[in-house]
Amino acid sequence: MNTTNRPPQYFGKDLETMYFAKNYHKWILDEFAPYLGNVIAEIGAGTGNFSSFLIKKGVEHLIAFEPSNNMFPLLNDRLGKDNKVKTINAFFRDKAHQYENTFDSVLYVNVLEHIEDDKNELSYAYKTVKGKGHLLIFVPALSFLYSDLDKKVGHYRRYHKQELVELIQSAGFSIKKVKYFDISGIIPWYFAFVLFKKTTTEGNVSLYDRLIVPVMRKFEGIITPIIGKNLLLVAQKA
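Note that the structure is predicted; figures quoted are calculated from it, not measured.

1. Section: a nonpolar patch on the surface
Taken together, the side chains of Ile187, Phe191, Leu195 and Phe196 define a hydrophobic patch exposed on the protein surface, amounting to about 440 Å² of accessible area. Relative to the helices and strands, phenylalanine 196 is located in the loop between α9 (186-195) and α10 (202-211).

Written as C-alpha cells, this is what we have:
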C-alpha cells in the first residue's frame, strides 16, 4: 500500500494478517455505511480486504486504486471480474484529473498514514468527490504508539484528533463525525509493538478480532472513548 514516490512494493505478511480482522472491518464499515453513496473510490485498496466488505454491503460501483505492483495483481484477481468494480494500478494523484466531481465518497482506510504529503493528497479527494459527497478516513492514532511495525509497513505518522481535524478542514471539508476508536487496543499495542517490538500474526489478529472486538464495539456504541488506538472521521464537501 505504498502511496509515496518510492517504488511501489508489497510490505508482506504484516499487512496480509489483516485479512483475519473481519469483525474489525465490519465495525469500521458500519460506521461509514450511511455516508457511502453509490459511486465510491477506495484509495490504497491493497489486496482487497476492505473492498470485499464494501461489495457485500451492496455498493453500486467501486473504483479501487492500488499503486503497488505486487499487491495490485492480488487485488485484480480477487475483484477484477466483478462488474461493479474497477481496479486501477496507479497512484490516486495520477488519475484524479479523470474523476473530478465523480464520487459520492472517497475512502482512506489505513492509508493516509502511508502518504508523506497527506495535505496535498486530500486536495485530490476534494476535487474528485461530488458536492455534498463524503470523505471517509480511518487512521492509526497516538504518536506514542508509533512502533517498529508502523515504520516497517510504511507509516509516516500516527494522528491525534485535533491534528486530523485541522488537516481535513484545511483541505476544504467540513467535519461531520470524528472519534477515537478501539480504546482496548492501546495497551496491547504498546506492550507488543512498542516495548517488545513484536509483529502481527494470523493468530493474534484473529484472537483479538473474535474475542475483544465484539465486546468493544458494544461498549463504544454506548460510550464514545476519549482516546483510542485509531481515529475514524467523516467529512463532507461543501
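2. A word on the pattern of salt bridges
For the structure on display, the rule yields 10 salt bridges. Its salt-bridge partner being glutamate 31, residue lysine 179 comes within 2.9 Å of it at the nearest N-O pair. On the criterion of sequence distance, the pair formed by lysine 179 in strand β6 (residues 173-181) and glutamate 31 in helix α2 (residues 22-32) is long-range, its members being 148 residues apart. A single burial state applies to lysine 179 and to glutamate 31, both of which are buried. Among the salt bridges present, the one from lysine 197 reaches aspartate 148, with a minimum N-O distance of 3.7 Å. Here the residue lysine 197 occupies a position in the loop between α9 and α10, and aspartate 148 occupies one in helix α7 (residues 148-152), the gap between them amounting to 49 residues.

3. Describing the packing of α10 against helix α11 (residues 213-222)
In a pair of packed helices, the angle between the axes and the distance between the axes together describe the arrangement. The geometry of α10 relative to α11 is characterised by a closest axis approach of 4 Å and an angle of 45 degrees between their N-to-C directions. On the basis of the axis angle, α10 is oblique to α11. Every residue of α11 that contacts α10 at Tyr208, Asp209, Arg210 and Leu211 is listed here: Val213, Pro214 and Val215. In terms of residue class, the contact of α10 with α11 is built from five nonpolar, no polar and two charged.

4. Concerning a positive patch on the surface
On the surface, a cluster of positive charge is contributed by Lys22, Lys26, Lys56 and Arg78. One can find lysine 22 in helix α2. By relative accessible area, which is 36% here, lysine 22 ends up partly exposed.

5. Side note on the confidence of the model for the protein
Of the residues in the protein, 92% have a pLDDT of 70 or more, and the chain-wide mean is 92. Note on residues 2-7: pLDDT under 50 across the span, and 23 contacts to partners over four residues away in sequence or across chains.

Calculation criteria
- Residues numbered from 1 in each chain as written.
- Predicted model: local features only at pLDDT ≥ 70, side-chain atom pairs only at ≥ 80, totals over all residues.
- Heavy atoms only, no water.
- Patch = residues over 30% accessible without salt bridge, like charges linked within 9 Å, V, L, I, M, F, W, Y side chains within 5 Å.
- Areas by Shrake-Rupley, 256 points an atom, 1.4 Å probe, with all protein chains shown as cover.
- Salt bridge = Lys/Arg side-chain N within 4 Å of Asp/Glu carboxyl O.
- Helix = DSSP H or I, 4+ residues; strand = E, 2+ residues; numbered from the N terminus.
- Buried < 20%, exposed > 50% of the residue type's maximum accessible area, 1.4 Å probe, protein only.
- Axes fitted to C-alpha atoms, helices over the stretch in contact; angles between N-to-C directions.
- Parallel < 35°, antiparallel > 145°, perpendicular 65-115°, else oblique.
- Contact = heavy atoms within 4.5 Å.
- Nonpolar A, V, L, I, M, F, W, Y, C, P; charged D, E, K, R; others polar.
- Lys, Arg positive; Asp, Glu negative; His and termini not counted.
- Charge placed at Lys NZ, Arg CZ, Asp CG, Glu CD.
- pLDDT = per-residue confidence, 0-100.

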